[in-house]
Amino acid sequence: MLLLSKFDISITLLVLVLSSLIVGNSINLGWGLPLGTTLTCFIAALGFGVAVYQSYATRKHNRLLVKPHLIFNSQFNSTTLDGHYTYTLKVKNVGLGPSIIDRYLITLGDTIELDGHTVFERFVTLVNEHFHSKGLAHCVAGFLHDEHALEKGEEKILLEVSFPKNNISFIKGREKAKLFTNLINTKIHYRCHYGQKLETSK
């Protein structure tokens, strides 16, 4: 079944109204327009409708060509740092255009919203509590500031921790990291070049 958008319906009605006015006035109001002139006006009205629709379709297509799409990517490995297991949370723009950050929200283990100044300190504290690393873990905490842009294909580390293996098997280390991810809550509000609002969350 063909579904028409509001814009499609509006353009169709506009062309029909213009065409009806031209034909109706020519016949009933004594304009006395020759048949050829009436047809020319009718075709002109149709051409106007097609031009407006083409402009709309082009703009819509251009929006799709620059629409960003942010995804979260979690990784766990034992090769980043010797003697450590490493968990990394990244955000990547897999869309077709740049994403402009409107707001980045993150909480770690509680409901207190963190900013670029407090996220690292809170992250280190949580890592030491969860992994019992006694200050031996290596931590990285990034932050997405307002109006920051992620280009097409660009990837950014949001959080990364490398904690000592301490004779823990890979499977157990991964399970500890998996439980740790449950303490991370984050949401990104962003927009495309045309101002379309989007969001993604973990």
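Just so it is clear, the model here is predicted, and its values are computed rather than measured.

Caption draft 1: Up close: the overall build of the chain. Across its full length, the chain holds four helices and eight strands. Listed by position from the N terminus, the elements making up the chain come as α-α-β-β-β-α-β-β-β-α-β-β. In the chain, which comprises 202 residues, the share counted as buried stands at 33%. Excluding contacts between residues fewer than 6 apart, the proportion of contacts in the chain whose partners are at least 24 apart in sequence is 67%. Working note: accessible area of the chain is about 12300 Å², and carbon and sulfur atoms make up 60% of it.

Caption draft 2: A look at the sheet that holds strand β7 (residues 184-191). The strand order across the open sheet built from four strands is β5-β3-β7-β8, with neighbouring strands paired in antiparallel fashion. Both edges of this open sheet fall to β5 (149-150) and β8 (197-201), since each of them pairs with a single strand only. As paired elements, strand β3 (residues 99-108) and β7 share eight bridges and run antiparallel to each other. By the bridge assignment, I101 is partnered in β7 with Y190.

Caption draft 3: Layout of helix α3 (residues 119-131). With 13 residues, α3 extends 18 Å from end C-alpha to end C-alpha; this agrees with the ideal 18 Å at 1.5 Å per step. Buried within α3 are the following residues: V119, F123, L126, V127, H130 and F131. Seen from one end, α3 has its buried residues packed into an arc of 105°, which puts them on one side. Considering only its buried residues, α3 is in contact with β3, β4 (138-141), β6 (155-164) and α4 (170-181). One or two positions beyond α3, positive phi appears at H132, with a value near 50°.

Caption draft 4: Summary view of the confidence of the model for the chain. Scored by pLDDT, the chain comes out at a mean of 83, with 68% of its residues at no less than 70. Element-level mean pLDDT values for the chain span from 60 in helix α1 (residues 6-28) up to 97 in strand β2 (residues 84-93).

Caption draft 5: Summary view of the packing of α3 against α4. Look at α3 against α4: their axes get within 11 Å of each other, and the N-to-C directions meet at 135°. Compared by their axis directions, α3 and α4 come out oblique. In the crossing of α3 with α4, the sense of the turn from one axis to the other is right-handed. Within the contact between the two elements, α3 uses F123, L126, V127, H130 and F131 and α4 uses K176, A177, L179 and F180. Residues belonging to the contact of α3 with α4 are distributed by class as follows: seven nonpolar, one polar and one charged.

What counts, and where the lines are drawn
Residues numbered from 1 in each chain as written. Predicted model: local features only at pLDDT ≥ 70, side-chain atom pairs only at ≥ 80, totals over all residues. Heavy atoms only, no water. Helix = DSSP H or I, 4+ residues; strand = E, 2+ residues; numbered from the N terminus. Buried < 20%, exposed > 50% of the residue type's maximum accessible area, 1.4 Å probe, protein only. Contact = heavy atoms within 4.5 Å. Areas by Shrake-Rupley, 256 points an atom, 1.4 Å probe, with all protein chains shown as cover. Pairing = 2+ DSSP bridges. Expected span 1.5 Å × (residues − 1). Arc of directions from axis to C-beta. pLDDT = per-residue confidence, 0-100. Axes fitted to C-alpha atoms, helices over the stretch in contact; angles between N-to-C directions. Parallel < 35°, antiparallel > 145°, perpendicular 65-115°, else oblique. Left-handed = near helix turned anticlockwise from the far one by under 90°. Nonpolar A, V, L, I, M, F, W, Y, C, P; charged D, E, K, R; others polar.

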